[in-house]
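What follows is the residue order along each chain.
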Amino acid sequence: MSEEKRESLNFIEEIIEEDLKNGKYTAPATRFPPEPNGYLHIGHAKAICINFEIAKKYGGTTNLRFDDTNPTTEETEYVDSIKRDIKWLGYEWQNEALFTSDYFPQLYAFATTLIEKGLAFVDDSTPEEIALQKGDTTKPGVNSPYRDRPIAENLDLFRRMKEGEFPDGSRVLRAKIDMTHPNMHFRDPVLYRIKHETHHRTGDEWCIYPMYDFAHGQSDSIEHITHSLCSLEFRHHRPLYDWLIEQLGIFPSRQIEFARMNVAHMITSKRKLKLLVDEGLTIGWDDPRMPTLSGMRRRGVPAAAIRTFCDKAGVAKRENVIEAELFDFCTRQELNKTADRVMAVLDPVKVVITNFPEGETEMMSVENNPEEEDNGGYREVPFTREIYVERADFKKEPQNRKYFRLAPGKDVRLKGAYIIHCEGFEEDAEGKVTQINCTYYDNSRSGADTSGVKAKGTLHWVSIEHAVPAEVRLYDRLFTDPTPTMHEDKDFLEFYNEESLKVIPTAYVEPSLKTSEPGTTYQFMRLGYFATDTESTPEKLIFNRTVTLRDTWGKRKG
RNA sequence: AGACCUAUGGUGUAAUCGGUAACACAUCAGUUUUUGGUUCUGACAUUCAAGGUUCGAGUCCUUGUAGGUCUACCA
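Not measured: the values here are computed from a predicted model. (Residues numbered from 1 in each chain as written. Chains lettered and ligands numbered in written order. Predicted model: local features only at pLDDT ≥ 70, side-chain atom pairs only at ≥ 80, totals over all residues. Heavy atoms only, no water.)

1. Side note on the overall build of chain A
Check the secondary structure of chain A and you find 13 helices and 25 strands. Relative to its length of 558 residues, chain A is extended, with a C-alpha radius of gyration of 31 Å against a globular reference of 24 Å. Considered along the principal axes of its C-alpha atoms, chain A spans approximately 100 × 60 × 40 Å. Counting across all 558 residues of chain A, residues that qualify as buried make up 52%. A distance of 4 Å separates the average location of the 74 positive side-chain charges in chain A from that of its 93 negative side-chain charges. (Helix = DSSP H or I, 4+ residues; strand = E, 2+ residues; numbered from the N terminus. Rg over C-alpha atoms; globule rule 2.2 N^0.38 Å. Buried < 20%, exposed > 50% of the residue type's maximum accessible area, 1.4 Å probe, protein only. Lys, Arg positive; Asp, Glu negative; His and termini not counted. Charge placed at Lys NZ, Arg CZ, Asp CG, Glu CD.)

If you want it as C-alpha cells, here you go:
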C-alpha cells in the first residue's frame, strides 16, 4: 500500500511543491501570454499545456493574457484564432481573456514612480547612439549624455511624450541602472518608446508603448501570477524582471525558464512559417502539413494526442529535439481508441467474383471499432459480385513465402465478408493488371464461417456499384531533414519535402461515408487514420490522411 | 573574449537529494489477431572527459571539453 512509487516531478513542479510546503502560496497562478501577431503552433501548445496542467495539478488558476504592447504587429484577428485554438486544445482560462494593454495606465504610473525615484530618465539619443552606448558583451557601455537630467525635467518630458508632442523615435524612457553591468539587459534598458500608431484595442489613446521588460513582469505582478513560466532565452531578463518588481515594490511574481520543445521535421519560426505560406509551399496557415494547431486540427490530430505528446516530451532545461515518431505514436494511440474503422480503396483494381450471383447485393454487418465496447456498434456494408481492392494487395507472382495477400491460387478473406480464391487475372499490353477473377466460398461468410478454409490475409474492399468517389490527400512530413533550420550552410527550404502532399483525385470509399461531416476521424482499414477535410461536402468528399498505420511488413520488405 | 545556462541509451525524460541507472518512443525478435493495425512478452542500449573527496559518486569538489543564450525603440 505504501509501496506506491514516488511520482517523479519536473523541476517546475518541485519549485511549486516547495513553495506550497513553505506556505508561500496556497495555490499557483500561471498565465499563457501570447502576442497576438500570429497563429499558435506546436511550440505554443507546449507552453499552454505546461501552464494549464501545472495549475490544474495544484488547484491553481491560469490566465490568458495577450501581450499586446506593439501596435505595429498585432491584430484582433489573431486574438480570436488564439482563443479558439486554446479552447480546442481543451483548456479554460480564468475569467475573461486579459490584455497587457488594459494595464497601460498602471504601467504609465509605474514608470512615473521609477522616474521619481531617480531610476529612469528620458533619453534623446537616437537608436544608433543607444546601441553604441551599450558597448558589447566584453566591453562596458558608456552613460548617455541625458542620463543625469533632473527628475522634474524627466517627469515633464515623459508626460509630453505621452501627450504626443514628440515624433516616433525621438525619445525613449530608459531605466537608470548600470552601463557597465555584465548583463546587457542592465545597461539602462529602454522602458518606453514613442509609436504614433493605432492599437488594436486602445486605438489612438496612447502614442507611447512599454517594452517587453517593462510590461511582462509588471503584468504578471498585477495579476498576482506566482510562477511565470517562459522559455530559456529569457534567462538573462530575469534579473531585470526581479529588479523592476523590487524597485516598484509590487507583488513578487517569479520567473522560471524551461527549454522550449523542438520537434523533428517541424519548424516553429513565425517568419519561416509565413514564408511557406507566401511561397505557396503550403496552402495557408491551416494547411494540414503546418505545425500550427489549426493545421493539425484540420489534419485530424486529436487535441488529446497533442496534450499527451506534450506531457510525454517532458520538461527540462536542456536543448531537445523530440522525434516525430513520438508525435505519431500519440496520434495513433488516441485515434485507435476513437476512430471508426471504415473501408476505402485508394488505388483500385477490379475483382470479379465469378460464382457470386450477378445483380445481387448482400449486406454485410461490420464492426465499427474493435477497440470499443461492443465493437462500437455495427454498420451495414454492401457486397456485390464486382468489387475494388487495393492494387498493392495483388501480386502476379509473389516471391516472398510469407506473402499472404491475393495472388493466383491464393485464398484471402475479404474483411467482414467472404473468403475468396484467386483463379486468375487479366492484364493489358503493358502488363498492368486490369481485372482479377476469383471465386468465393459461399459458406465462409463472416461470423458464420463453416468452410474450414484458412486465409492468412484479410483485405479491405469496396463494392464497385456502391463505391463513393472521394478525393484523398496523403500528407507526409513537411521537411526531409529532422532539423531543417539548424544547417548553417543550407536554407531550410532546401529540405522541403516535395512529396509532403499527394492528391488522389478519385479514391473509392464505402457508402457510409457519403454524408461524413468535416472533422470526423476514421481509420481507413489497413491504410491509416483519415479525417474529413473542412472543405469536404457530400458532393465532393475530401479526406486528409492524418497518419499511416504502423507498418512492420512494409518496413521488412525494405 | 566576457557573463549566464546545459551535458544520462538512437530520441526524450527520471533516479526518493551520496546507496549501485529506470520509464516512454524508436529498433529487433516472438505472441495474439477476420486490419501485416491493436494486445502481450522479451531483447538491444546509457551517466561528456580527467582528476579528487568517500566504504560507496549520474548526484559533491577541481580542471577541461562540447553545445546553447545574451549586445532590437520585437516579444
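2. Digging into helix α12 (residues 324-338)
In this model α12 runs 21 Å from its N-terminal to its C-terminal C-alpha over 15 residues, within 8% of the 21 Å that 1.5 Å per residue would give. Those residues of α12 that sit buried are Ala324, Phe327, Asp328, Cys330, Thr331, Arg332, Glu334 and Leu335. (Expected span 1.5 Å × (residues − 1).)

3. Thoughts on the state of the cysteines
One pass over the structure, following the stated rule, counts 0 disulfides. No disulfide involves Cys49; its sulfur sits 4.1 Å from the nearest other cysteine sulfur, which is in Cys310. As a non-bridged cysteine, Cys230 has Cys310 as the owner of its nearest cysteine sulfur, 17 Å distant. (Disulfide = S-S within 2.5 Å.)

4. Observations concerning the side chain of Thr532
Looking at where Thr532 falls in the secondary structure, it is placed in strand β24 (residues 528-532). For Thr532, a relative accessible area of 2% corresponds to the buried category. Engagement of the side chain of Thr532 in a polar contact is seen with the backbone oxygen of Glu517, the distance being 3.5 Å. Those residues in contact with Thr532 that lie beyond four places of it in its chain are Ser516, Glu517, Pro518, Gly519, Thr520, Tyr522, Ile542 and Phe543. (Polar contact = N/O pair within 3.5 Å; in protein donor to acceptor, adjacent residues only side chain to side chain. Contact = heavy atoms within 4.5 Å.)

5. Some words on unusual backbone geometry
Residue His224 is not a glycine yet carries a positive backbone phi of 55°. Take His224: it is sitting in the loop between α7 (216-222) and β8 (227-231). With relative accessibility at 46%, the residue His224 sits in the partly exposed group. The phi dihedral of Asn375 is positive, around 60°, even though this residue is not glycine. Relative to the elements of secondary structure, Asn375 occurs in the loop between β13 (362-367) and β14 (378-383).

6. Some words on helix α11 (residues 303-313)
Taken together, the buried positions of α11 are Ala303, Ala304, Ala305, Ile306, Phe309 and Cys310. Where α11 is buried, its residues touch α2 (42-57), α3 (76-89), α10 (293-299) and α12. Backbone geometry just after α11 places Gly314 at a positive phi near 80°.

7. Re the pairing of strand β25 (residues 541-548)
With 7 of its 8 residues buried, β25 lies for the most part within the structure. Where strand β21 (residues 468-475) meets β25, 4 bridges bridge the pair, whose relative direction is parallel. Note on β25: the bridge partner recorded for Arg473 is Asn544. Bridge count for β24 against β25 is 5 bridges, and the pairing is antiparallel. Across the sheet, the residue bridging to Gly528 is Thr548, located in β25. (Pairing = 2+ DSSP bridges.)

8. Points about the domain arrangement of chain A
Partitioning chain A into structural domains gives domain 1 (10-258), domain 2 (270-340 + 470-557) and domain 3 (344-460). A separation of 64 Å is found between the C-alpha centroids of domain 1 and domain 3. (Domains from an automatic or database assignment.)

9. Considerations on the side chain of His460
Looking at the secondary structure, you find His460 in the loop between β19 (458-459) and β20 (461-463). His460 sits in the buried class, given a relative accessible area of 1%. A distance of 3.4 Å separates a polar atom in the side chain of His460 from the backbone oxygen of Met525. Non-local contacts of His460, meaning those with residues more than four positions away in its chain, are made with Met343, Ala344, Val345, Tyr388, Val389, Glu390, Asp393, Met525, Arg526 and Leu527.

10. Digging into a negative patch on the surface
A cluster of acidic residues, Glu488, Asp489, Asp491 and Glu494, forms a negative patch on the protein surface. Tracing the backbone through its elements, the reader meets Asp489 in the loop between β21 and β22 (501-509). Classification of Asp489 by relative accessible area gives exposed; the value is 62%. (Patch = residues over 30% accessible without salt bridge, like charges linked within 9 Å, V, L, I, M, F, W, Y side chains within 5 Å. Areas by Shrake-Rupley, 256 points an atom, 1.4 Å probe, with all protein chains shown as cover. Salt bridge = Lys/Arg side-chain N within 4 Å of Asp/Glu carboxyl O.)

11. Considerations on the sheet that holds strand β3 (residues 98-99)
Spatially, β1-β2-β3 is the arrangement adopted by the 3 strands of the open sheet, whose pairing is parallel. This sheet does not close on itself; its edge strands, each paired only once, are β1 (29-32) and β3. Alignment of strand β2 (residues 61-66) against β3, held across 2 bridges, turns out to be parallel. Its bridge partner being in β3, Arg65 is matched across the sheet by Leu98. Against the sheet, α2 makes contact with β1 and β2, and its axis sits at roughly 160° relative to β1, the strand it touches most. Seen against the sheet, α3 touches β1, β2 and β3 and runs at an angle of roughly 160° to β2. (Axes fitted to C-alpha atoms, helices over the stretch in contact; angles between N-to-C directions.)

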